[in-house]
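Chains, contacts and geometry: an overview
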Amino acid sequence: MPCQNCSCPSCLALAGSSIPPTEFPLLQSGLMTTNRPPTHYEVAQSRIIIDSAEKRMLLLQAAMADLVGKIADMRRVIGMHRAVISPLRAFPPEILVAIFVEYIMKDPWPELPSPVSHLNLMWICSRWRTIVLETPQFWTKISNSTPMVDLWVKQSKASPLDLRFDLTSSDANLALDALVPQAHRWERVHFTLQSDSNSVLSPVRGRLRSLKKLRISCLNTTGTIDFCEEAPQLTEIQLERVHTPLAIKLPWAQLDDCILDGSMITLYTLQRAENLQICRLHMDCRRTPQRWLPMEWVVHHSRLKTLIVSYWHPEDFHIDMFFFSLALLSLQTLEFHFSEVITPLSMLVHALSEFFERSSLHLTTLKLTGIPFPPSNLVNYLTLTPSLVSLNISFASESHRFIDNDFLHRLTFDRTNRLLPHLSSLTLQGDAGFSERALDTLITSRRDVMLCDAGVALLANLVLTCTIPYDWEGWPEPPSFHRFASEGLDIVYGHGWNI
């Protein structure tokens, strides 16, 4: 340590350090504070000191490395003991299985899980490996990409199987050799078929006692598809590219839900599946071949509750043919989704008018997306659906605004106008052509009529995600609607307000 009265730079540099100045006498000789040449003695002493200091530094570095290693060992000990008391270690297997299910298997028609997801879990620890291996649920989804199908079948034990196979692939037939004996466990099946696929699947005919959901995609298929004709629990089907409906045999009478991709197959399905409850028609009109039907041929269905119609690249022909040939007697929910505007509209309007007049509709929900009906035609349709409770309209485009002030005026209640008396939910989306005042009048009229007429429903839910090209002074919500919110009207505003 420096002496009490010393303030030289060398002594000050050593102040507070662990280096005793007496071991390094040159530090106190004043040599460090001058620029004079050292003597031969001072050079020799400096070299001795440097050699000694380097050796001591190596010893200190070795000691420090030993301490760092000991600190790392202690950290590992702490981590291992923290893992012992971790709540995750105490999770019951049922909780871990539920978590693993979210990781491996998600929706009912998934891109089937890769074996990598199983391996990722099995590499964590022996307990997780045991849980994955002993849980049949993780081994029930099998596809073309699944290796060692025999292992999957064995690990799934007696659990129902979800299969997704492209039978146009050569490796699919090898996998089916292991799956056909387990046909009684097939619960959800998605097959892409080709011309000889029915003969490959013929051994499962009459053995599909657990099949509940079937999806078939046909590629260049000829002949009859009848492997699934006897399936006592089959209730849901999805058919793609089945252009010859008579070629497929199903237990039609027990079906209650279907997804189809063509007008012809939809009409044939409705004709045969007399207990169908839900029908979804998703059709790409560019891909589906045109087939004429006799104009006098009309399919009547008395039990269908929900019809959802979606068209991509819509063409007047497909839509007209479908609705000219259909009559529904118990429909409650109807949805139209068009990917683009159809021109001309005359035939579509005529076809839908005949459909609404021919059907005994009890609609409670109507959703229209991308259909640019003139307001007058839409009002005519609504007069045929007095039971409507929920109306959802998405405008086609700014150039085809079909919801305007006149349309809202028709929904406004007075003594002579009682259109849609049960309407309680109204959703408007897109580019609107109406004003704040028209909407205000609509809401006010229904509220006032509700107060004096118990037979009229109060408009309780209003969802507005449309651009209204009028000047509204309020921000972020139109101020005139605040009073309705206090009276129970739930108003949801979208991001499209053009203030």
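Residues numbered from 1 in each chain as written. Predicted model: local features only at pLDDT ≥ 70, side-chain atom pairs only at ≥ 80, totals over all residues. Heavy atoms only, no water.

**Focus on the overall build of the protein chain**
Convention followed: Secondary structure counts use DSSP, requiring at least four H or I residues in a row for a helix and at least two E residues in a row for a strand, with both numbered from the N terminus. Each residue's exposure class comes from its accessible area (1.4 Å probe, protein chains only) as a fraction of the maximum for that residue type: buried when under 20%, exposed when over 50%, partly exposed otherwise. Per-residue and other accessible areas were derived by the Shrake-Rupley procedure at a 1.4 Å probe size, with only the shown protein chains allowed to occlude residues.
From N to C terminus, the protein chain includes 15 helices and 16 strands. Per-residue burial over the protein chain gives 44% buried out of 499 residues. A total accessible area of about 25800 Å² is found for the protein chain, and carbon and sulfur atoms account for 56% of it.

**So, the packing of aromatic side chains**
As a reminder of what qualifies: Each Phe, Tyr or Trp ring, with Trp reduced to its six-membered ring, pairs with another whose centre is within 6.5 Å; inter-plane angles below 30 degrees give stacked pairs, above 60 give edge-to-face pairs, and intermediate values give tilted ones.
Counting across every chain of the model gives 9 aromatic pairs. Considering the side-chain rings of Phe 323 and Phe 355, the 5.3 Å spacing of their centres and the 65° angle between planes classify their relative orientation as edge-to-face. One end of the pair, Phe 323, is in helix 10 (residues 316-324); the other, Phe 355, is in helix 11 (residues 346-358), with 32 residues separating them in the sequence. Overall, Phe 323 belongs to the buried group, its relative accessible area being 0%. Assessed through its relative accessible area of 0%, Phe 355 is described here as buried.

**Let's talk about the side chain of Thr 135**
Our working definition: Within 3.5 Å is the distance limit for a polar contact, defined as a pair of N or O atoms, with the added protein rule that one can donate a hydrogen and the other accept it, and that residues adjacent in sequence qualify only through two side-chain atoms.
Mapped onto the fold, Thr 135 is located in the loop between helix 5 (126-134) and strand 1 (141-143). Relative accessible area serves as the criterion here: at 11%, Thr 135 is assigned to the buried category. Only 2.5 Å separates the side chain of Thr 135 from the backbone oxygen of Ile 131, close enough to count as a polar contact.

**Topic: the packing of helix 3 (residues 93-104) against helix 5**
The following threshold applies: An axis is simply a line fitted to the C-alpha atoms; with a helix, the fit covers only the stretch in contact. Between two such axes, the angle follows the N-to-C directions and lies from 0 to 180 degrees. Each angle is binned into one of four classes, with values under 35 degrees roughly parallel, values over 145 roughly antiparallel, values of 65 to 115 roughly perpendicular, and all other values oblique. Note on contacts: a residue pair qualifies if any of its non-hydrogen atoms lie within 4.5 Å across the two residues. Under this grouping Gly is polar, as are all residues other than the nonpolar Ala, Val, Leu, Ile, Met, Phe, Trp, Tyr, Cys and Pro and the charged Asp, Glu, Lys and Arg.
Packing of helix 3 against helix 5 leaves a shortest axis separation of 11 Å and a crossing angle of 75°. With respect to their mutual orientation, helix 3 and helix 5 come out roughly perpendicular. Contacts between helix 3 and helix 5 pair Pro 93, Leu 96, Val 97 and Phe 100 from the former with Arg 127, Trp 128, Ile 131 and Val 132 from the latter. For the contact of helix 3 with helix 5, the class distribution of residues is 7 nonpolar, no polar and 1 charged.

**Some details on the pattern of salt bridges**
Where we set the bar: Within this document, salt bridges are pairs made up of a side-chain nitrogen of Lys or Arg and a carboxyl oxygen of Asp or Glu, the two lying within 4 Å of each other.
Per the stated rule, a full pass over the model turns up 12 salt bridges. In this structure, Arg 76 engages Asp 73 in a salt bridge whose closest nitrogen and oxygen atoms are separated by 2.1 Å. Within this pair, Arg 76 and its partner Asp 73 are both found in helix 2 (residues 40-84), separated by 3 residues, close to a single helical turn. A salt bridge links Arg 358 to Glu 354; the nearest nitrogen and oxygen atoms lie 3.1 Å apart. Placement of the pair is Arg 358 and Glu 354 together in helix 11, with a separation of 4 residues, close to one helical turn. Judged by its relative accessible area of 23%, Arg 358 is partly exposed. Glu 354 sits in the partly exposed class, given a relative accessible area of 29%. Through salt bridges with shared partners, a single ionic network connects Lys 141, Asp 162, Glu 187, Arg 188 and Lys 212.

**Looking at the side chain of Thr 385**
On the secondary structure map, Thr 385 appears in the loop between helix 12 (375-383) and strand 13 (390-394). For Thr 385, a relative accessible area of 0% gives the class buried. If near-sequence neighbours (up to four positions away) are discounted, Thr 385 is found in contact with Phe 356, Leu 361, Leu 363 and Leu 420.

**Details of helix 11**
Formally: A helix is expected to span 1.5 Å for every residue after the first. An arc is given here, and it is the one of the directions from the helix axis to the C-beta atoms.
Under the 1.5 Å per step criterion, the end-to-end length of helix 11 is 18 Å for 13 residues, consistent within 8% with the ideal 18 Å. Residues of helix 11 that are buried include every one of Leu 348, Val 349, Ala 351, Leu 352, Phe 355 and Phe 356, and no others. In a view along the axis of helix 11, the buried residues occupy a sector of 165°, so they form one face of it. Turned more than 90 degrees away from the buried face of helix 11 sit Ser 346 and Glu 357, all of them exposed.

None of the figures reported here should be taken as evidence of function without further support.
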